[in-house]
Amino acid sequence: MSIRSGLRASSLTEALVVYAALLALLAVNVVLAILPLGGWRVVPIIGIALLQAGIILWFTMEIRGQPALVRLFSLLGFFFVLVLFGLASMDYLTRSSAMAY
Amino acid sequence: MSAVAPGEPVPLEHFESYAEQRSASVLGMWVFLVNELLLFAGLFMTALALRLLHPEAVLAAGEHLKWWLGALNTVVLVTSSLTMTFAIEAARSFERRTAVLCLALTAGLGALFLGIKGLEYYLEYEEHLMPFLDRPFALPDAASRLYMNLYFVATGLHGLHLLIGVGLVLGLALRVSRPGFLEAKPTHVEITGLYWHFIDFIWMLLFATLYLVNR
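Residues numbered from 1 in each chain as written. Chains lettered and ligands numbered in written order. Predicted model: local features only at pLDDT ≥ 70, side-chain atom pairs only at ≥ 80, totals over all residues. Heavy atoms only, no water.

Engineer: In this structure, what is going on with the overall build of chain B? I would like to understand it.
Structural biologist: A count of helices and strands for chain B gives seven helices and zero strands. If you list the helices and strands of chain B from N to C, you get α-α-α-α-α-α-α. Each principal axis of the C-alpha distribution contributes one length, and for chain B these read about 70 × 30 × 25 Å. By residue count, 56% of the 215 residues in chain B fall in the buried class. Put simply, of all contacts in chain B between residues at least 6 apart along the chain, 75% involve residues at least 24 apart. Here chain B has roughly 8,600 Å² of accessible surface; of this, 66% comes from carbon and sulfur atoms. (Helix = DSSP H or I, 4+ residues; strand = E, 2+ residues; numbered from the N terminus. Buried < 20%, exposed > 50% of the residue type's maximum accessible area, 1.4 Å probe, protein only. Contact = heavy atoms within 4.5 Å. Areas by Shrake-Rupley, 256 points an atom, 1.4 Å probe, with all protein chains shown as cover.)

Engineer: Teacher, can you tell me more about the interface of chain A and chain B here?
Structural biologist: One widely used convention gives an interface's size as the accessible area the parts lose upon coming together. Between chain A and chain B, the residue contacts involve 53 residues of the former and 58 residues of the latter. Counting each side, the surface lost to burial between chain A and chain B is near 4,800 Å², with a carbon and sulfur contribution of 78%. At the boundary of chain A with chain B, the tally comes to one salt bridge. Residue Arg92(B) is joined to Glu62(A) by a salt bridge in which the shortest nitrogen-to-oxygen separation is 2.7 Å. Put simply, chain A and chain B have four residue pairs in polar contact (both at pLDDT 80 or more) between them. Going through the elements one at a time, helix H1 (9–34), helix H2 (42–60) and helix H3 (68–93) of chain A are the ones with two or more residues in the side of chain A that touches chain B. Of all the elements, H3(A) adds the most residues to the side of chain A that touches chain B, at 14 residues. For the side of chain A that touches chain B, the per-class residue count stands at 37 nonpolar, eleven polar and five charged. (Buried area = accessible area lost by both parts, 1.4 Å probe. Salt bridge = Lys/Arg side-chain N within 4 Å of Asp/Glu carboxyl O. Polar contact = N/O pair within 3.5 Å; in protein donor to acceptor, adjacent residues only side chain to side chain. Nonpolar A, V, L, I, M, F, W, Y, C, P; charged D, E, K, R; others polar.)

Engineer: Mind showing me how you'd approach the packing of aromatic side chains here?
Structural biologist: Any pair of aromatic rings gets described here by the distance separating the centres and the angle formed by the planes. Residue and element names in this part refer to chain B. Under the definition given, this model contains 14 aromatic pairs over all chains. Between Phe113 and Trp203, the aromatic rings sit 5.0 Å apart at their centres with planes inclined by 90°, giving edge-to-face as the arrangement. With Phe113 in helix H4 (residues 96–126) and Trp203 in helix H7 (residues 188–212), the pair connects residues that are 90 residues apart, well separated along the chain. Exposure class is identical for Phe113 and Trp203. Each is buried. (Phe/Tyr/Trp six-rings, centres within 6.5 Å; stacked < 30°, edge-to-face > 60°.)

Engineer: I'm lost on the environment of Ala21(A) in this one. Help?
Structural biologist: Residues and elements named next belong to chain A. The residue Ala21 is located in helix H1 in this model. Overall, the relative accessible area of 28% leaves Ala21 in the partly exposed class. With 34 residues separating them in the primary sequence, Ala21 and Ile55 have C-alpha atoms 8.8 Å apart.

Engineer: What is the right way to read unusual backbone geometry from this model?
Structural biologist: Note: most residues except glycine have negative phi, and most peptide bonds are trans. Non-glycine residue Glu62(A) carries a positive phi angle of around 55°. Position of Glu62(A) relative to the elements: it lies in the loop between H2 and H3. Even without glycine at this site, His128(B) takes up a positive phi of about 60°. Mapped onto the fold, His128(B) is located in the loop between H4 and helix H5 (142–176). The class for His128(B) is partly exposed, based on a relative accessible area of 27%.

Engineer: Honestly, the nonpolar core in this entry has me stumped. Any pointers?
Structural biologist: Nonpolar side chains in soluble globular proteins tend to be buried together. Within the largest apolar cluster, 93 residues are counted, with the highest numbers of intra-cluster contacts made by Trp30(B), Leu103(B), Met148(B), Val189(B) and Phe201(B). Among the elements that line this core, the one with the most residues is H7(B), at 18 residues. Contacts of Trp30(B), omitting those with residues within four sequence positions, involve Leu57(A), Met61(A), Ile63(A), Val70(A), Ser74(A) and Leu194(B). (Core = buried A, V, L, I, M, F, W, Y, C linked by side-chain atoms within 4.5 Å.)

Remember, this is a structural readout, not a statement about activity or role.
If you want it as C-alpha cells, here you go:
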C-alpha cells in the first residue's frame, strides 16, 4: 500500500448510488407494509430486506474486493445461519396445530 | 521482515508487508462479525418461530410498533453508513481533515439513531408495551408479551452495538485527528467501518422482521 492523495471520485459516486438504492428499496418496503395487500406481502418485504442486506455486504462492506479467505469466512457465516434456520424450522413447520403451544 | 517500500506504512514484525497485515486485520474482523451474525440469527429465528406459532398475537403487537420512527432511523443509519464510507475513502487517501469530519458525522448520526430509539422506547413505555416492567401490559395475549420482549431484546442488543460503535468512532476520530496516525495505521478506519456497516446490515433485517412484516 503506497501513499496516495485525493479521494477517488468513482468510489464516492458508487457510495452515493448505493445510498440512493438502499433508500429507494426502503421506500418500496414501507409502501408494501402500509398498504392493505394481505399476508403475501411478507415474501417481497423479506426479499427486499435481504436485497438491501446483500447490497450492504457486497458494496458497502466490500466483500467483492476481499481475498478468497475473507469471502469464504463470510459465506461460512451465512451457511451456518441457514443451518440454524433449516434445523429449527423443521421443528416448527412440522408441528401439528394441536401441538402448538 | 522484508524491506518496506517507500511510502508504505511499517507492518508489525510478524507480517511480511502492510498489505498482509491489512488482510489479516480484515479477516479477523470478519471472523468477529460472523459470530455476531450468528448471535442475531438466533433472534431472527425466534421472530420466525413466534410468527409461525402465534400469528394473531404477533400481528396485534406489531401494530403497536412505531414503523415511521423505525423508517426514520433506517434513513439515519443508512446515511451514517454513507458518511462512514466517505471516512474510509478519506483515510485511504490520507485526507485527515475529511476523515475526521466524516467520522464525527457518523458518530453524530449514530447518536441521533439512539435518541430516536429512546423516544420510541418512551412512547412504548407510555403505551404500557413493556411487559418486563411491573405495570399493566396493554395487550391481552401472553404471546404478545413474548413478541414485545423479543422486540426489546433485539433492538436493545442492536442499540448496545451501536452505542459501542459511537464510542469507537469518536475515539477513532480523536486519534485520526493527530498528525501521522493515518500514515502509520491507515486500516484502523476501514476495520471500524466494517463494524459500523455491519450494524447497518443487521438493522435492515431487524426493521423488516420486527416492524414491517408484522403490520
